[in-house]
Amino acid sequence: MRIAKRISKEFLFRYRKVTRPSSVSLHGVDIFVDFARWSPRLIELVLKGNYEVSEAKAIASFLSSGDRVLDIGGGIGLSGLLAGRVVGDQNVAVYEANPVNVDQIKRNFALNRVSTSVETAAVVPDAYQRSEVSFFLHDNFCRSSVFSDTPGGREITVPARRFADLVKTHNPTALLMDVEGAEADILSGADLSSISKICLELHPGIIGNGKTSTLLRQLLNQAFEMDFALCSGDVVCLRRGPSGAATTEVTAA
């Protein structure tokens with residue numbers, strides 16, 4: 001069955017690569033395909049339907065009607081679209097630092113006739129004081145980030161929004177985050193008391209195993225528990241424990 005599915009996806013990919021559709025259905029929503037800007041790998045994943053499979057499954061199972069979702073690092077808008085299907089468009093707020101991606105998000109939202117809020121901004125730690133921040137733009141948008149040590153990035157300046165300000169504005173119950181390694185700095189010491197669910201893509205290849213492990217310990221010490229059924233690879237899902245308060249502190253071995 002798996003072999004047949006892989007063969008079917010390969011034929012679909014080859015057909016779409018030749019016909020070059022302007023948009024495709026991906027996890028139940030419509031997405032514009034940017035053949036001019038996307039990397040060959042990203043195009044292949046989208047055309048095969050293999051892009052962000054883990055995230056899509058997690059969002060569908062993780063969120064519930066009544067959740068308010070803060071989506072940080074909106075990418076091409078897929079996570080915001082999938083979240084909106086569960087909680088309603090008006091209950092999702094999307095922040096994305098890459099202005100090219102924001103244009104794509106807006107197009108995809110319009111394509112799916114949704115009115116979800118999206119803003120061009122890099123989310124920064126609460127201690128950050130400036131209103132703008134440097135962002136390093138890559139042709140492969142998956143490599144774009146606030147880190148300057150990734151070769152090939154073109155530095156631009158984007159608005160900075162402190163995490164605490166976004167929590168105050170949106171009062172989210174669920175957090176979706178994919179920020180290419182900035183997750184540790186943003187969430188370290190952050191007030192997460194209003195948030196009961198987190199779906200987070202980790203980036204140990206960028207920030208290292210130590211910093212990634214420290215972030216997970218901090219979340220576990222704030223009464224979050226891993227939802228292992230929904231975790232896959234670097235995508236982790238956490239929920240508030242039944243007690244709502246940490247009882248045993250997790251320390252380094």
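Placed above this text is the structure.
Let us look at the structure shown here. (Residues numbered from 1 in each chain as written. Predicted model: local features only at pLDDT ≥ 70, side-chain atom pairs only at ≥ 80, totals over all residues. Heavy atoms only, no water.)

1. A word on the overall build of the chain
Okay, step 1: Regarding its fold elements, the chain presents eight helices and twelve strands.
Okay, step 2: Dimensions of the chain along its principal axes, counting C-alpha atoms only, are 55 × 45 × 40 Å.
Okay, step 3: Expressed as a percentage of the 253 residues in the chain, the buried residues total 45%.
Okay, step 4: Accessible surface, the chain as shown: approximately 12600 Å² in total, 50% of it carbon and sulfur.
Okay, step 5: Here the chain contributes 28 positively and 28 negatively charged side chains, and the mean placements of these two sets differ by 7 Å. (Helix = DSSP H or I, 4+ residues; strand = E, 2+ residues; numbered from the N terminus. Buried < 20%, exposed > 50% of the residue type's maximum accessible area, 1.4 Å probe, protein only. Areas by Shrake-Rupley, 256 points an atom, 1.4 Å probe, with all protein chains shown as cover. Lys, Arg positive; Asp, Glu negative; His and termini not counted. Charge placed at Lys NZ, Arg CZ, Asp CG, Glu CD.)

2. Some details on the pairing of strand β12 (residues 235–240)
Okay, step 1: Both strand β10 (residues 197–201) and β12 contribute to a ladder of five bridges, which runs antiparallel. Bridge pairing in β12 links K197 to R239.
Okay, step 2: Where strand β11 (residues 224–226) meets β12, three bridges bridge the pair, whose relative direction is antiparallel. Counted as the bridge partner of E225 is R239 from β12. (Pairing = 2+ DSSP bridges.)

3. As for the sheet that holds β10
What holds strands together in a sheet is hydrogen bonding between their backbones, with the strands either parallel or antiparallel.
Okay, step 1: The strand order across the open sheet built from seven strands is β5-β4-β3-β9-β10-β12-β11, with neighbouring strands paired in mixed fashion. Lying at the two open borders of the sheet, with one neighbouring strand each, are β5 (117–120) and β11. When the angles between neighbouring strand axes are averaged without regard to direction, this sheet yields 20°.
Okay, step 2: Where helix α4 (residues 78–87) meets the sheet, it contacts β3 (69–72), β4 (92–96) and β9 (174–177), and its direction lies at approximately 170° from that of β4.
Okay, step 3: Where helix α5 (residues 99–111) meets the sheet, it contacts β4 and β5, and its direction lies at approximately 165° from that of β5. (Axes fitted to C-alpha atoms, helices over the stretch in contact; angles between N-to-C directions. Contact = heavy atoms within 4.5 Å.)

4. Re helix α2 (residues 40–48)
Okay, step 1: Those residues of α2 not exposed but buried are L42, I43, V46, L47 and K48.
Okay, step 2: Just downstream of α2, G49 is the residue with a positive phi angle, here 85°.

5. Quick word on the side chain of D67
Okay, step 1: Looking at the secondary structure, you find D67 in the loop between α3 (53–62) and β3.
Okay, step 2: For D67, a relative accessible area of 7% corresponds to the buried category.
Okay, step 3: Among the polar contacts listed, one links the side chain of D67 to the side chain of T173, at a separation of 2.9 Å.
Okay, step 4: Setting aside residues no more than four positions away along its own chain, D67 makes contact with V87, N91, T173, A174 and K197. (Polar contact = N/O pair within 3.5 Å; in protein donor to acceptor, adjacent residues only side chain to side chain.)

6. Section: the environment of E44
Okay, step 1: Mapped onto the secondary structure, E44 falls in helix α2.
Okay, step 2: Classification of E44 by relative accessible area gives partly exposed; the value is 21%.
Okay, step 3: For E44 and K17, which are 27 residues apart along the polypeptide, the C-alpha to C-alpha distance reads 8.2 Å.

7. Examining the nonpolar core
Okay, step 1: I31, W38, V46, Y51, V69 and L78 are the most contacted members of the largest nonpolar core, which has 38 residues in total.
Okay, step 2: Considering each element in turn, this core owes the most residues, five residues, to α4.
Okay, step 3: Once residues within four sequence positions are removed from consideration, I31 is found in contact with S22, S23, V24, L26, W38, I76, L78, L81, N108 and L111.
Okay, step 4: Of all hydrophobic cores here, the second largest spans 28 residues; its members include I72, L166, M177 and L187. (Core = buried A, V, L, I, M, F, W, Y, C linked by side-chain atoms within 4.5 Å.)

8. Focus on a nonpolar patch on the surface
Okay, step 1: A contiguous nonpolar patch, built from I3, I7 and F11 and spanning about 340 Å² of accessible area, is present on the exposed surface.
Okay, step 2: Structurally, F11 can be placed in helix α1 (residues 2–19). (Patch = residues over 30% accessible without salt bridge, like charges linked within 9 Å, V, L, I, M, F, W, Y side chains within 5 Å. Salt bridge = Lys/Arg side-chain N within 4 Å of Asp/Glu carboxyl O.)

9. Points about the packing of aromatic side chains
Okay, step 1: Under the counting rule described, the total for this entry stands at zero aromatic pairs.
Okay, step 2: The ring of F35 has R20 lying over it, and the distance from NZ or CZ to the ring centre is 4.2 Å.
Okay, step 3: Residue placement shows R107 over the ring face of F32; its charged tip is 3.9 Å from the ring centre. (Phe/Tyr/Trp six-rings, centres within 6.5 Å; stacked < 30°, edge-to-face > 60°. Lys NZ or Arg CZ within 6 Å of the ring centre and 35° of its normal.)

10. Side note on the side chain of E96
Okay, step 1: Within the element layout of this structure, E96 appears in strand β4.
Okay, step 2: One buried charged side chain, E96, makes no salt bridge at all; its nearest oppositely charged neighbour is K106, positioned 12 Å away.
Okay, step 3: Excluding its chain neighbours within four sequence positions, the residues that come into contact with E96 are G73, G74, G75, N101, V102, I105, E119, T120 and A121.

11. Comments concerning the sheet that holds strand β8 (residues 154–162)
Okay, step 1: On the basis of which strands lie adjacent, the open sheet formed by three strands has the order β6-β8-β7 and mixed pairing. Pairing within the sheet leaves two strands with one partner each, and these edge strands are β6 (122–124) and β7 (132–137). Strand-to-strand, the axes of this sheet are offset by a mean angle of 50°, without reference to chain direction.
Okay, step 2: Taken together, the three bridges between β6 and β8 define a ladder with parallel strand orientation. Each bridged residue has a counterpart across the sheet, and for A122 the counterpart in β8 is A160.
Okay, step 3: Together, β6 and β8 form the strand contacts of helix α6 (residues 163–170), whose direction differs from that of β8 by roughly 50°.

Shape is all these values report; function is a separate question.
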